[in-house]
Amino acid sequence: MQRTYEVMFIVRPDMADEDVDKLVSTLETNATAAGAKLKNTERMGKRRLAYLVRGFGDGNYVLMTLESDGKAIHEVERRLRVSEPVIKFITVRVDETQKRVDKLAKLRASKVKRSATEAAPVAPAAAEPAPETPATA
Amino acid sequence: MADEVKQQPAATSGNETAGTSAPATTSAPASTSSPATGGYTPRPYGQRREGGPRPGGPRPGGGPGREGGGPGGRKFFRRKKVCKFCVEKIDAINYKDVRLLSQFVAEKGKIVPRRLTGVCTPHQRRVSAAIKQARNIALLPFAARG
């Protein structure tokens, strides 16, 4: 089953930009080799850290969005843990939240299309099409 | 219990003295002797009309806020707070948007309770989870010097 993950990691700030690029592309190749589909890589740039991490006050943030199963993510995380320039990382699963957000957006769009008078922001259950309301009432 | 309340109808005019004789254990006898309040007599607060659903469980914000500057027995929050996410229809609370999350974080870095921010429970849970994720990736501090 393909799940969507967001991997955000911090690279130490005293690395040159080309080195960071090289590191990121190496990780991307590793991820693809492990069976993950790389959807997006975003360099969020140098940011001030909220607390000291391994003695550093700043860090280069990188965000990778992957679509894969659990095993490939395990492998990606292992590489991140082992790689020396990466000082912190977090993996977040986003497919469930994305599904919910999409569902809500779809419901809102359908409500707007139906009629302008019924624009009451109620729970999604109540926004089911009209034929169902006599049955529930 | 019901008898002793009914035996003093002349002496008691309302609910305050009933409160002293039958301390806080039962509400049913009070209902028979005080038709004005329409059923339930909350003793410490004096007379109070039930407005809609009883704010029984989570009292902060909704119920007492609606009463406003009424009887000053307990601490009441002046205005009725609404959940920012429900109003603005923000669906996804991400750990990445630090600006949004820092509105729910106190100066020392602590997560602000929902009775102060007015956030509804499901959204407060999501905000809390997002703040914890942001803390782990050093976007927010665990503890800041306030």
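The coordinates are above.
Please read these numbers as outputs of a predicted model, since none were measured by experiment.

**Section: the overall build of chain A**
1) Next: Within chain A, the regular secondary structure consists of four helices and four strands.
2) Next: If you list the helices and strands of chain A from N to C, you get β-α-β-β-α-β-α-α.
3) Next: Put simply, chain A has 137 residues, and 15% of those count as buried.
4) Next: Look at the contacts in chain A between residues 6 or more apart in sequence, and 71% of them connect residues 24 or more apart.

**Concerning helix α1 (residues 17-34) of chain A**
1) Next: When the terminal C-alpha atoms of α1 of chain A are compared, their 26 Å separation across 18 residues agrees well with the 26 Å that a helix rising 1.5 Å per residue should span.
2) Next: Just past α1 of chain A, the residue G35 of chain A takes up positive phi, approximately 110 degrees.

**Let's talk about the interface of chain A and chain B**
1) Next: Contact with chain A, which involves 12 residues of that partner, is made by 10 residues of chain B.
2) Next: Residue assignment for the side of chain A that touches chain B shows that the elements contributing at least two residues are β1 (3-11), β2 (37-53), β4 (86-93) and α3 (95-114) of chain A.
3) Next: No other element matches β2 of chain A, which puts four residues into the side of chain A that touches chain B.
4) Next: For the side of chain A that touches chain B, a count of residues per class yields 10 nonpolar, one polar and one charged.

**Brief notes about the environment of V98 of chain B**
All names here are of chain B.
1) Next: On the secondary structure map, V98 appears in helix α6 (residues 98-101).
2) Next: C-alpha of V98 to C-alpha of L139: the two residues are 41 residues apart in sequence and 6.9 Å apart in space.
3) Next: Excluding residues within four positions of it along the chain, V98 makes contact with A134, L139 and L140.

**Comments concerning the sheet that holds β2 of chain A**
Residues and elements named next belong to chain A.
1) Next: Across the sheet, four strands lie side by side as β2-β3-β1-β4; this open sheet has antiparallel pairing. At either margin of the open sheet sits one strand with a lone partner, and together these are β2 and β4. Within this sheet the neighbouring strands show an average axis-to-axis angle of 20 degrees, counted without direction.
2) Next: As paired strands, β2 and strand β3 (residues 56-68) are joined by 11 bridges and run antiparallel to one another. Each bridged residue has a counterpart across the sheet, and for K37 the counterpart in β3 is E67.
3) Next: Sheet strands touched by helix α2 (residues 70-82): β1, β3 and β4. Its angle to β4, the strand with the most contacts, is close to 165 degrees.

What counts and how
- For every chain, the first residue of the written sequence is number 1, and numbering continues from 1 onward in sequence order.
- For naming, the first written chain is A and the first written ligand is 1, with later ones following in the order written.
- Confidence filtering applies because this is a predicted model: local features only for residues at pLDDT of at least 70, side-chain atom pairs given and counted only at 80 or more, and all residues used for totals across whole chains, interfaces and linings.
- Where helices and strands are cited, they refer to DSSP runs of H or I of at least four residues and of E of at least two residues respectively, numbered from the N terminus.
- Neighbour density around each residue's C-beta defines its exposure: 20 or more other C-beta atoms within 10 Å make it buried, 12 or fewer make it exposed, and counts between make it partly exposed, where C-beta atoms are placed from the backbone.
- C-beta atoms are placed from the backbone for every residue, and two residues are taken to be in contact when these atoms lie within 7 Å.
- For a helix, the expected span equals 1.5 Å multiplied by the residue count minus one.
- Polar here means any residue other than Ala, Val, Leu, Ile, Met, Phe, Trp, Tyr, Cys and Pro, which are nonpolar, and Asp, Glu, Lys and Arg, which are charged; Gly is therefore polar.
- One requirement defines pairing of two strands: DSSP has to find at least two bridges between them.
- Only the contacting stretch of a helix is used when fitting its axis, a line to C-alpha atoms as for every element, and angles between N-to-C directions run 0 to 180 degrees.

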